[in-house]
Amino acid sequence: MSSPATPRKTKLPFGSFLERILSKLGLRGRTLVIAIPTLWLFVFFLVPFLVVAKISLSEAMIARPPYSSIWNWDDGVLNLTLNFGNYLFLLEDTLYFAAYMESVKIAFVSTVFALLIGFPMAYTIARSPDSRRNILLMLVILPFWTSFLLRVYAWIGFLKTNGLINAFLLATGIIDEPLIMLQTDFAVYVGIVYTYLPFMILPLYANLVKLDDALLEAASDLGAKPAMTFLTVTLPLAVPGIIAGSMLVFIPAIGEFVIPALLGGPDTLMIGSVLWNEFFSNRDWPVASAVALVMLAVLVVPIMILRKAQAASEGASQ
Amino acid sequence: MKNRSIFLPVVTGLGFLFLYAPIASLIVFSFNESKLVTVWGGFSTKWYGELLRDPQILGAAWISLKIAFLSATLAIIIGTVAAFALSRFPKFRTKSLLNWMITAPLVMPDVIIGLSLLLMFVAMQGLIGWPAGRGMTTIIIAHATFGAAYAAVVIQSRLVDMDMSIEEVALDLGAKPMRVFFDITLPVIAPALVSGWLLAFTLSLDDLVIASFVSGPGSSTLPMVIFSKVRLGVSPDVNALATIIILIISVGIIAAAIQISRSGKKLGN
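Note that the coordinates shown come from a computational prediction; the quantities given were computed from them, not determined experimentally.

Caption draft 1: Spotlight on the interface of chain A and chain B. Of the residues lining the interface, 86 residues belong to chain A; the matching set on chain B comes to 83 residues. For the pairing of chain A and chain B, the buried interface totals around 7,900 Å² over both sides, and the portion due to carbon and sulfur atoms is 83%. Among the residues of chain A in contact with chain B, Phe45, Trp145 and Tyr153 of chain A are the three that bury the most area, contributing 10% of the side total. At the surface where chain A touches chain B, the tally comes to zero salt bridges. Taken together, the connections running from chain A to chain B amount to nine residue pairs in polar contact (both at pLDDT 80 or more).

Caption draft 2: Up close: the environment of Asp163 of chain B. Residue and element names in this part refer to chain B. Relative to the assigned elements, Asp163 resides in the loop between helix 6 (136–161) and helix 7 (165–172). Residue classification places Asp163 among the partly exposed positions, given a relative accessible area of 47%. Through-space distance from the C-alpha of Asp163 to that of Val39 is 58 Å; in sequence the pair is 124 residues apart. A distance of 2.8 Å separates the side chain of Asp163 from the side chain of Ser165, its partner in a polar contact.

Caption draft 3: Layout of unusual backbone geometry. Following Trp130 of chain B, the chain continues into Pro131 of chain B via a peptide bond in cis, with omega recorded as -5 degrees. Assignment of secondary structure puts Pro131 of chain B in the loop between helix 5 (110–128) and helix 6. Of note in this structure, Gln183 of chain A is not a glycine but carries a positive phi near 65 degrees. You can see Gln183 of chain A is positioned in the loop between helix 7 (164–171) and helix 8 (185–208). Within the chain, Arg283 of chain A stands out as a residue other than glycine whose phi angle is a positive 55 degrees. Relative to the helices and strands, Arg283 of chain A is located in the loop between helix 12 (271–280) and helix 13 (285–317).

Caption draft 4: The arrangement of the packing of helix 3 (residues 85–92) of chain A against helix 4 (residues 94–127) of chain A in detail. Residues and elements named next belong to chain A. In the contact formed by helix 3 and helix 4, the axes pass within 4 Å of each other and the chain directions differ by 75 degrees. The orientation of helix 3 with respect to helix 4, classified from their angle, is roughly perpendicular. Each of Phe89, Leu90 and Glu92 in helix 3 lies in contact with helix 4, whose residues at this interface are Thr94, Tyr96, Phe97 and Tyr100.

Caption draft 5: Representation of the domain arrangement of chain A in the model. Residue and element names in this part refer to chain A. Each assigned domain of chain A is listed with its residue range as follows: domain 1 (15–80) and domain 2 (86–317). Once you take the C-alpha centre of each, domain 1 and domain 2 turn out to be 35 Å apart. Taken together, the contacts link twelve residues of domain 1 with eleven residues of domain 2. Of all residues in domain 1, Val52, Ser56 and Pro66 give up the largest surface area on contact with domain 2, accounting jointly for 49% of the area buried on that side. Applying the counting criterion to the domain 1 and domain 2 interface returns zero salt bridges. The interface formed by domain 1 and domain 2 includes three residue pairs in polar contact (both at pLDDT 80 or more). Its residues assigned to classes, the side of domain 1 that touches domain 2 shows nine nonpolar, two polar and one charged.

Conventions adopted
Residues numbered from 1 in each chain as written. Chains lettered and ligands numbered in written order. Predicted model: local features only at pLDDT ≥ 70, side-chain atom pairs only at ≥ 80, totals over all residues. Heavy atoms only, no water. Contact = heavy atoms within 4.5 Å. Buried area = accessible area lost by both parts, 1.4 Å probe. Salt bridge = Lys/Arg side-chain N within 4 Å of Asp/Glu carboxyl O. Polar contact = N/O pair within 3.5 Å; in protein donor to acceptor, adjacent residues only side chain to side chain. Helix = DSSP H or I, 4+ residues; strand = E, 2+ residues; numbered from the N terminus. Buried < 20%, exposed > 50% of the residue type's maximum accessible area, 1.4 Å probe, protein only. Axes fitted to C-alpha atoms, helices over the stretch in contact; angles between N-to-C directions. Parallel < 35°, antiparallel > 145°, perpendicular 65-115°, else oblique. Domains from an automatic or database assignment. Nonpolar A, V, L, I, M, F, W, Y, C, P; charged D, E, K, R; others polar.

Following this line, the structure appears as C-alpha cells:
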C-alpha cells in the first residue's frame, strides 16, 4: 500500500491511526468520547448508590454477603420484600439523631471559623501586588497537596496534654496547669478548620480578586468610611465566594471520619464515624447503608447551594 | 490608602503560621533523638533508619505508589475524555448526566463513596464473578473514579480558556478530528494534564477512607498503615516518613509549577 504522494511525516500519527482502527470497528470517535466517561461513572459512581439504596432496605443476617435479598422469584412471581426497619431503627435509637445533629453543629461552627480566618487572608492575597500574589496563593495551595492524614496527625503533637502548645503556655507562665485539648470537640474544630481552610480561601480569593479598585475609591471619595465601604461594596460582591467557600468546608466536614477519629474524644459523635463503626465493627451493612443515605439527604441542600453559588460566580466572570 | 491598618497583615501572617506550623513541627521532630514531642533530645536521624528497616511501611508505600500511578493514569484518561466531551460537543443526550456524575465525587463524603463502591463490588462479584475479591484492582478503580473528577475540573478549565480557532482552522483545512485532538489540543492542554495527573496521584496516595473500604487482605496502603500506627499515639518514625513525603511532594509541585509557567509563557499566555 504505497501512495504516490507520501503524506508529510507527522509528529503524532497516533490520532489518525486510532481513527482508522475505530472506523474499521464501526465506531465513531465522538460516540466513544461520550461513552467512555459516561459508562465508567455510571458503573462506578451512580450504580453503587442504587446498590446502597437496595441494601438499606434489606435485613442484616449472618451470611456472605451479610444481608438478605430484597427480591426473590417464587413460582414465577417476583416477590419484593422491602424492609424499612433500618430507617426506623435510626429514628428510634437516639444515638443516630444525636450524631447527625452533632455533625451539623461541628461542621457549622468550623465553617464560621474558617470564614473568619479565611476572609482576611483571601482579601490580603487578592489586594497584594501581582508578584507577591502568586507566591501567597501557592502557599495556600501547597498544604493541600501534602498528606492530609499526616497534617492531622501533626496536631496530636500540638494539642496533647504534654504537647507543644501546653509546653509553650506553661513556659511563658500563661497557664499553671496544662490544658486538656486533645480528644475534645475543640481539637476537632481545629482539625477541620485547619484542613479545609484552603477550600475557603480559594473561592473567596477568586471573587475578591475581581473586585475593581475603582469601586472602592469611588466609595471612599463619596465619603464612605472603610467599614462602610466594606459592608456595602466588598462584602456584597464577595457573597458567591463566601457561599461557595462555606459549602466547600461544611459539606466534607459533615462526613468527616479521620479528624474525629484522631483528634476527637469518646464524646465526639460524628456521623462519619458512626457509619464507619456500623460497617467495620458491627458489620451491619444494611444499617450502614441507611446511615449513608440519610447523610446524603442531609447534604442535598448544601450541595445545591454550592452548585448555585459556583454557577453564579462563573456567570459573573464571563 | 494612607492609614493601612495592621489588622490584615497580622491575621494573614497568623493564618499562614496556622497552616505551616504543624508541617514544620513534623519535620523538626523527625530529627529528634527523643521519642517525646516536647523534649529535644538532640539531632538524630535514627527514625529514618528505623523507617527504612520497617518492612510493613516499605511494603505499604510500594503498594500505594503503584496504586497512585495506575489510578492517576486512568483518571487522566477518563478525565480528559470527559472534559473534552463536555467542553467541545455542544449537545448530546447524556450531557447533563455526565456533567453531574463528573462533578458529584468532588463533594461526596469519602465514607459514602467508599461504602457504596464496596457494596457494589460485592454485589458485582455475586452476579458476574468480577472483581474476584478486593485488593489493588478495586482500590485503583475507586481512586481513578474520584481522581477523574478532579482531573476533569483542571482540564476543562484549560479547554475552555484555550483559543479554539487553532482547532477550527485545522478542521477547516481537512484534518480529521482525532488528529486535531492529538496534534493540537493535547499539546496545548499538556500543562493541565500534568497538574491533573499530579493531583490525582497525590489524592490517591493520601486517601485513607475509601481505600479502607475497598481494600482486601494484603493490599493495605500507606495511609492505612500510618493510621493504625498513629491511632496509638505519636510515633517519630511517622514523622520521618512525613518529612520524606513532604519533601518529595514539594519538589514535585514546585518543579511542575515552574515548568507550567515556562510553557505557559512559550504559548503566549
